[in-house]
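Structural features, examined
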Amino acid sequence: MATITPSLYSLASSFIFILILSSTTNASSFPFKEATIKDLQLAFKQNQLTSTQLVEFYIGEIHRLNSVLNGVIEINPDAIYQAKRADYQRKVKASGSLVGLHGIPILLKDNIATKDKLNTTAGSLALFRSVVPRDAGVVVKLRKAGAIILGKASMTEWAAFRSSFMPNGFSARGGQGKNPYVLSADPCGSSSGSAISVAANLVAVSLGTETDGSILCPSNANSVVGIRPTIGLTSRAGVVPISPRQDTVGPICRTVSDAVFVLDAIVGPDYNDHTTKGASQYIPYGGYKQFLKPYGLKGKRLGVVRNPFLISSNKAQSQAFEYHLQTLRRGGAYIVDNLKIANINTTLNPDDSGEAAALLAEFKISINSYLKNLVTSQVRSLAEVIAFNQKFANVEKIKEFGQNIFVAAEATNGIGILEKAAMGNLAKLSKDGFEKVMWDNKLDALVTSGAGISPVLAIGGFPGINVPAGYDYRGAPFGINFGGLKGSEPKLIQIAYGFEQATKIRKPPAFKP
């Protein structure tokens, strides 16, 4: 068997890519960039575009830009085959072939398992060429919806849980991901590649994962929409884990409507993730698309916590936030200003809140289980991953970043007194803090500048949506976040969509130095 190196393209995809590149220039004159799912589906129906042409365009753009952006870690060698199949199904008018995600390419964060020719490595060489037992739960649903798995997006290695010194967006396999707006700006993580690729029009839509901030932060930093769903609303089965208590999978797209279309496709029960059974009670009959209403702000009560979220913002963000509050008011929302979350500084500090202690123990248990269940792998436990990293530190090019989080996690011994106390404290902080503010003030959502609210949402399993909100003096993006109680996605979608339609702030990236 030929040796396969962990580069963007597998050997199997190289030949396909050459053929694709030769035909890309003759593809449809359709305006691919910034096209939404609705735009693409309409073009499919009017025979202005095929899924094959769409995939060819995206692969061409990846070839053109990825050497700079490092947003994509691997392209699916079967993407063209899947596209041709979608085109045939559309031609014969197969059931479901003219709606939703059918024929739409999607990138998956590299910690979301696919049982195909793609790797699933969480950005690490330790998992390169490992074989997963099955598709992740969300991938099963995407395939059922007819989506084309274009490839894997890069990410902060091990979802930023290997080392506290690792830069956002960096992995041994993917290199350093770059913000397409300002290349020197922080792309944030760990779903960096998913946000970078969507922002730069390397793909239509993508999936990310979040334990604490990994969807909201890169969405905020790359001027895209990210939805962090209520815990259990989407299956985590087949996702390289950190914490079953905090992990969630959600869409990262250019518009709220696209993110909602993806959300509709991936929510629901999965017998491989028992949490999804209880969370399915939150899914509204008819799905989430029905809440894409231009007047969704009307009558909503939105709370504002200025300290510390607005205080920590830069001048451009602060000014934009004040302007956006007026936009929300004009849209019919009622603003409850100057609210305070009890013990907010403790909540935001993972060492003080207990989040760090809980995650370390949960990670060791979860990752050992994940590795043990792989069909093929060169590592079978966290201890073996640590040993691999030590042995191949120079090859991985990240010797200087170390693995202090891994070492601390390996030193834990299950969920003991310390960890139970930490989890109890997290539950109390949520109940006395965010939940109390929401209930006492009868809020539909809390609105904050940027993604700093993510720990508050993360420790309680609450949902949040980031929407582009502006750009600073350098041209670097920032967003606005709407967070709510468990199951409040319908309200958050109405609010986010109403805000987006009233502002339409997002613009394509400029690739500034």
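To start, this report covers the structure provided alongside it.

Parameters at a glance
- Residues numbered from 1 in each chain as written.
- Predicted model: local features only at pLDDT ≥ 70, side-chain atom pairs only at ≥ 80, totals over all residues.
- Heavy atoms only, no water.
- Core = buried A, V, L, I, M, F, W, Y, C linked by side-chain atoms within 4.5 Å.
- Buried < 20%, exposed > 50% of the residue type's maximum accessible area, 1.4 Å probe, protein only.
- Contact = heavy atoms within 4.5 Å.
- 1 Å grid on protein atoms, 1.4 Å probe; cavity = no way out; pocket = protein on both sides within 12 Å on 5 of 7 lines; lining within 4 Å.
- Points joined across faces, edges and corners; volume = space filled by probe spheres on them.
- Helix = DSSP H or I, 4+ residues; strand = E, 2+ residues; numbered from the N terminus.
- Nonpolar A, V, L, I, M, F, W, Y, C, P; charged D, E, K, R; others polar.
- Salt bridge = Lys/Arg side-chain N within 4 Å of Asp/Glu carboxyl O.
- Axes fitted to C-alpha atoms, helices over the stretch in contact; angles between N-to-C directions.
- Parallel < 35°, antiparallel > 145°, perpendicular 65-115°, else oblique.
- Phe/Tyr/Trp six-rings, centres within 6.5 Å; stacked < 30°, edge-to-face > 60°.
- Pairing = 2+ DSSP bridges.

**Describing the nonpolar core**
Nonpolar side chains tend to gather and get buried jointly when the protein is soluble and globular. With 126 residues, the main nonpolar core has Leu142, Leu207, Leu328 and Phe482 as its most contacted residues. If we ignore the near neighbours within four places in the chain, the residues touching Phe482 are Leu328, Leu446, Val447, Pro463, Gly464, Ile465, Val467, Leu492, Ile495, Ala496 and Phe499.

**With respect to the layout of surface pockets**
The volume enclosed by the largest pocket comes to roughly 1200 Å³. Lining the largest pocket we find 47 residues, and of these Asn168, Cys188, Gly189, Asp212 and Cys217 sit closest to its centre. Within the residue set of the lining of the largest pocket, elements represented by two or more residues are helix H7 (216-221), helix H11 (344-348), helix H12 (350-353), helix H13 (355-372), helix H18 (454-460) and strand S13 (477-483). For the lining of the largest pocket, the element with the highest residue contribution is H13, accounting for 4 residues. A breakdown of the residues in the lining of the largest pocket according to their chemical character gives 22 nonpolar, 19 polar and 6 charged. Taken as a whole, the second largest pocket holds about 650 Å³ of empty space. Together, 26 residues line the second largest pocket, and Arg236, Ala237, Gly238, Val239 and Asn272 are the ones closest to its centre. Going through the elements one at a time, helix H5 (137-144) and H13 are the ones with two or more residues in the lining of the second largest pocket. Ranked by residues supplied to the lining of the second largest pocket, first place goes to H13 with 4 residues. Within the lining of the second largest pocket, the residues separate by chemical class into 12 nonpolar, 7 polar and 7 charged.

**Things to note about the pattern of salt bridges**
Applying the stated criterion across every chain, the model contains 21 salt bridges. Lys289 is the salt-bridge partner of Asp264, the closest N and O atoms lying 3.2 Å from each other. Residue Asp264 is found in helix H8 (residues 256-266), and its partner Lys289 is found in the loop between helix H9 (275-279) and strand S9 (301-304); the two are separated by 25 residues along the sequence. By relative accessible area, which is 17% here, Asp264 ends up buried. For Lys289, a relative accessible area of 42% gives the class partly exposed. A single salt-bridge network, built from bridges that share partners, covers Lys33, Glu61 and Arg64.

**Re empty space enclosed by the protein**
All told, the structure shown has 4 cavities of 30 Å³ or more when counted by the stated rule. When its volume is computed, the largest cavity comes out at roughly 70 Å³. Contributing to the lining of the largest cavity are 14 residues, with Asn111, Thr209, Thr211, Val240 and Asp247 lying nearest its centre. Its residues assigned to classes, the lining of the largest cavity comprises 5 nonpolar, 6 polar and 3 charged.

**Some details on the side chain of Ser366**
Within the secondary structure layout, Ser366 lies in helix H13. Overall, the relative accessible area of 14% leaves Ser366 in the buried class.

**So, the packing of H8 against helix H19 (residues 489-503)**
Between H8 and H19, whose axes approach to 9 Å, the crossing angle comes to 150 degrees. It follows that H8 is roughly antiparallel to H19 by the angle criterion. Together, Val256, Ser257, Val260 and Leu263 of H8 and Ile493, Ala496, Tyr497 and Glu500 of H19 make up the contact between the two elements. By residue class, the composition of the contact of H8 with H19 is 6 nonpolar, 1 polar and 1 charged.

**Overview of the packing of aromatic side chains**
Applying the stated criterion across every chain, the model contains 11 aromatic pairs. Centre to centre, the rings of Phe161 and Phe363 are 4.9 Å apart; their planes meet at 55 degrees, and the pair counts as tilted. With a gap of 202 residues between them, Phe161 in the loop between strand S3 (148-153) and strand S4 (170-171) and Phe363 in helix H13 connect regions that are remote in the sequence. Look at Phe161 and you get buried, because its relative accessible area is 9%. A centroid spacing of 5.6 Å and a plane angle of 15 degrees characterise the contact between Phe363 and Phe406, whose relative ring orientation is stacked. Residue Phe363 is found in helix H13, and its partner Phe406 is found in helix H16 (residues 404-410); the two are separated by 43 residues along the sequence. Here the two residues Phe363 and Phe406 agree in accessibility, since each one is buried. These aromatic residues form a ring-pair network of at least three members: Phe30, Phe32, Phe57 and Tyr58.

**Notes on the environment of Val131**
Along the chain, the position of Val131 falls in the loop between strand S2 (105-109) and H5. Sequence-wise, Val131 and Ala83 are 48 residues apart; in three dimensions their C-alpha atoms are separated by 24 Å. Apart from the residues lying within four places of it in its own chain, the contact partners of Val131 are Lys115, Leu374, Val375 and Thr376.

**Some details on the pairing of strand S12 (residues 464-471)**
Of all 8 residues making up S12, 8 are buried, and the element is well covered by its neighbours. Pairing geometry for strand S7 (residues 225-228) and S12, over 3 bridges, is antiparallel. In the strand pairing of S12, Ile227 is matched with Ile465. The sheet contact formed by S12 and S13 spans 7 bridges and is antiparallel.

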